[in-house]
Each structure stands twice: as C-alpha cells, then as structure tokens.
Amino acid sequence: MRTVGGCLRALGYHRPMELLGQTALVTGASRGLGFALASLLAQRGVNVIVAAREGRSLEAAADRLRGQAAVLAVTADVSEDAERIVAVGVERFGVIDILINNASELGPSPLPSIETLPWTSMERILRVNVTAPLHLMQLVLPGMKSRGAGTIVNVTSDAAVNAYPGWGGYGASKAALEHMSRTLAVELNQPRIRVLTVDPGDMDTEMHRAAEPGADLSALPKPESVAPSIIGLLEDDRVTSGRYQARWQPTPLQPR
Ligand SMILES: NC(=O)c1ccc[n+]([C@@H]2O[C@H](COP(=O)([O-])OP(=O)(O)OC[C@H]3O[C@@H](n4cnc5c(N)ncnc54)[C@H](OP(=O)(O)O)[C@@H]3O)[C@@H](O)[C@H]2O)c1
C-alpha cells in the first residue's frame, strides 16, 4: 500500500495534470467525503456531476458548488440508476473523464456480527458497494478508452484488509471492490487510464456515526481535511493504478 505523501516523495519532481475543463462524476456527493471531493474539483474548474438519493440535500450541495464550475445534480440510487446517471452526465458535458465511486452502504446499524448479519442486508451492501461501481465503470470506460485517458477512483476502507468485529459485511464488499479494481487495471494495461483504490481513513461523517452510534467522533479528521490528498492523486501524472492511503491535513487554527 502506498501513502499519497510517500508516493510523491519517492517520485521526486512531478508535472501536475491539468484538471481544468475536465468532467468528473462523484457518487454520494451530497455530504461527507463525496461533497468535499466535488467541492475541490469544482474549485479547479472541473465540471461536476453529483449523485445521491435524497434530492433536497443533493440540490443544496450542488448549489454550494455552483459559481465555481458547471454542476449537474442527479437524484439517483447508484444501485438502480447507473445508466441514467451516466447518460444525463454525458448528454450535458459530452464526456466523463473522472469517475469517483464514493457512495457506499454500511449495512445495519449498530453493526452486526457476521453470524447475525441478515443475508438480505449483505445483498444490498454488495449491490451498492460492488455491483454499482462495476456498472458505472463499465459505462464510462468506452469513452475513456476512445480518448485514451481517464481516472477511476474507488473509495475503499481499511475494513477491506483488517477484520474488525461488526465491519465484516461492509469490509468484504470493499475487499471485492479492491480486487475488482486491481484486476481491471491489469486487464486494461493502459497507463493513461488509471484505476485507483483510495482508503480515506477514519473520518467524522454520518456513515461513521451510524457505524458507532453514540461514540464521540469529533477528534477524527473531517472529510475536507482528507479530500485534498485524494485530489492530489488525480493531479499527479506519476500516480499509476494501485491502492493508496489518503493523508489528512490538519485544519489551520483560526485566529482568535
Ligand atoms: N467515514 C469514514 O470513517 C470512512 C472510512 C473509510 C472509508 N470510508 C468511505 O468513504 C466514502 C464516503 O463515506 P462518508 O463517510 O463520506 O459517508 P456519508 O457522509 O454518509 O455520505 C455518503 C454519501 O453517499 C450517498 N449515498 C449513500 N448510498 C447511496 C446510494 N445507494 N446511491 C447514491 N448515493 C448514495 C449519501 O446520500 P443519500 O443518503 O442521500 O443517498 C451521501 O451523499 C464511502 O465509500 C465509505 O465507505 C469512510
């Protein structure tokens, strides 16, 4: 596994990739990490397609992004509407250069053991965390291949590699997502079409609060302090397909 900082140090000087004018699809972008990523992309002049299920909060998030870049909000469930999301995105912007599969399903809260995890919940977890990203990748890849360039970011978790009690269903889905990403990268064998899996690390978000109800997560990094290192991967032309660990940056202290 590579950390973003370690990777950059090892590679020395780099030429940043220009994201301005590209188009990115970010799933699960109404809050949390997805919103933080969409926000940084918009600041760089990237056209952003944002998707989430709850229309009102998605529209509110999209309104905060507008003014910096062109934004298309698609109220949709990634497990049911992948074709529509990509179709309306391509209709509006012509291409999708960057796909960030960020939307994710945790499963029941509080987290059940593997022994008690309802298999129907596992079906839902796999559908959202594995099948939907696969479907979206299959829909954007033809365009990326015809242009000979593109970046896919599949957001994973350390639960994909470590056995944490209660996190087994979700973790198994992220392990599947990672393996699918590795295999796709090998099959594509095109350095300019990158398939990255990125573990953002623990963050103070709604999903994490659902995983640990009642726990005080306020000391965990906020998504906006983690997102810059993930965008840094997109902008670095030395970054190749692989698994990366995001690094969080401390938020500068506000003057009193
Ligand atoms: N938070 C952590 O500590 C942590 C750690 C490791 C990895 N991660 C990963 O980081 C990513 C972002 O998580 P987060 O913590 O930022 O979560 P979050 O704050 O709960 O945000 C999740 C976003 O995904 C959307 N979403 C959920 N299910 C969806 C579906 N089926 N279709 C479309 N949109 C959907 C949600 O909006 P709607 O509910 O309106 O659909 C929301 O916009 C996930 O892949 C997660 O596995 C998080």
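Residues numbered from 1 in each chain as written. Predicted model: local features only at pLDDT ≥ 70, side-chain atom pairs only at ≥ 80, totals over all residues.

## Points about the overall build of the chain
If you tally the helices and strands in the chain, you get eight helices and eight strands. The principal-axis extent of the C-alpha atoms belonging to the chain is close to 50 × 45 × 40 Å. Considering only residue pairs separated by 6 or more positions, the chain has 69% of its internal contacts joining residues 24 or more positions apart. (Helix = DSSP H or I, 4+ residues; strand = E, 2+ residues; numbered from the N terminus. Contact = placed C-beta atoms within 7 Å.)

## A word on the packing of helix α2 (residues 32-43) against helix α8 (residues 223-235)
A pair of packed helices can be characterised by two numbers: the angle between their axes and the separation between those axes. The geometry of α2 relative to α8 is characterised by a closest axis approach of 8 Å and an angle of 55° between their N-to-C directions. Here α2 lies oblique to α8, going by the angle between them. Judged by the sense of rotation from one axis to the other, the crossing of α2 with α8 is right-handed. From α2, Gly32, Leu33, Ala36, Leu37, Leu40 and Leu41 reach across to α8, where they touch Pro223, Glu224, Val226, Ala227, Pro228, Ile230 and Ile231. (Axes fitted to C-alpha atoms, helices over the stretch in contact; angles between N-to-C directions. Parallel < 35°, antiparallel > 145°, perpendicular 65-115°, else oblique. Left-handed = near helix turned anticlockwise from the far one by under 90°.)

## Focus on the site of the ligand
Of all residues adjacent to the ligand, which total 31 residues, the nearest are Gly28, Gly32, Arg53, Glu54 and Thr205. Within the residue set of the shell around the ligand, elements represented by two or more residues are α2, β3 (47-52) and α7 (206-211). (Near = placed C-beta within 6 Å.)

## Notes on the nonpolar core
Leu37, Ala38, Leu41, Val48 and Val50 are the most contacted members of the largest nonpolar core, which totals 66 residues. At eight residues, α2 tops the list of elements feeding residues into this core. Setting aside its immediate chain neighbours within four residues, alanine 38 contacts Val26, Ala29, Val48, Val50 and Leu65. (Core = buried A, V, L, I, M, F, W, Y, C linked by C-beta atoms within 7 Å. Buried ≥ 20, exposed ≤ 12 C-beta atoms within 10 Å, placed from the backbone.)

## Considerations on the environment of alanine 76
Here alanine 76 is to be found in the loop between β4 (71-75) and α4 (82-93). Between the alpha carbons of alanine 76 and leucine 233 there is a distance of 27 Å; along the sequence they are 157 residues apart. Filtering out sequence-adjacent residues up to four positions away, alanine 76 remains in contact with Ala51, Asp81, Arg84 and Ile85.

## Considering helix α5 (residues 119-147)
The terminal C-alpha atoms of α5 lie 41 Å apart, and with 29 residues this matches the ideal 42 Å at 1.5 Å per residue to within 8%. Within α5, burial applies to Ile125, Val128, Asn129, Val130, Ala132, Pro133, Leu136, Val140 and Met144. Against α4, β5 (98-101), β6 (150-155), α6 (168-188) and β7 (193-199) lie the buried residues of α5. Where α5 ends, the next residue or the one after it, glycine 148, has phi of about 70°, a positive value. (Expected span 1.5 Å × (residues − 1).)

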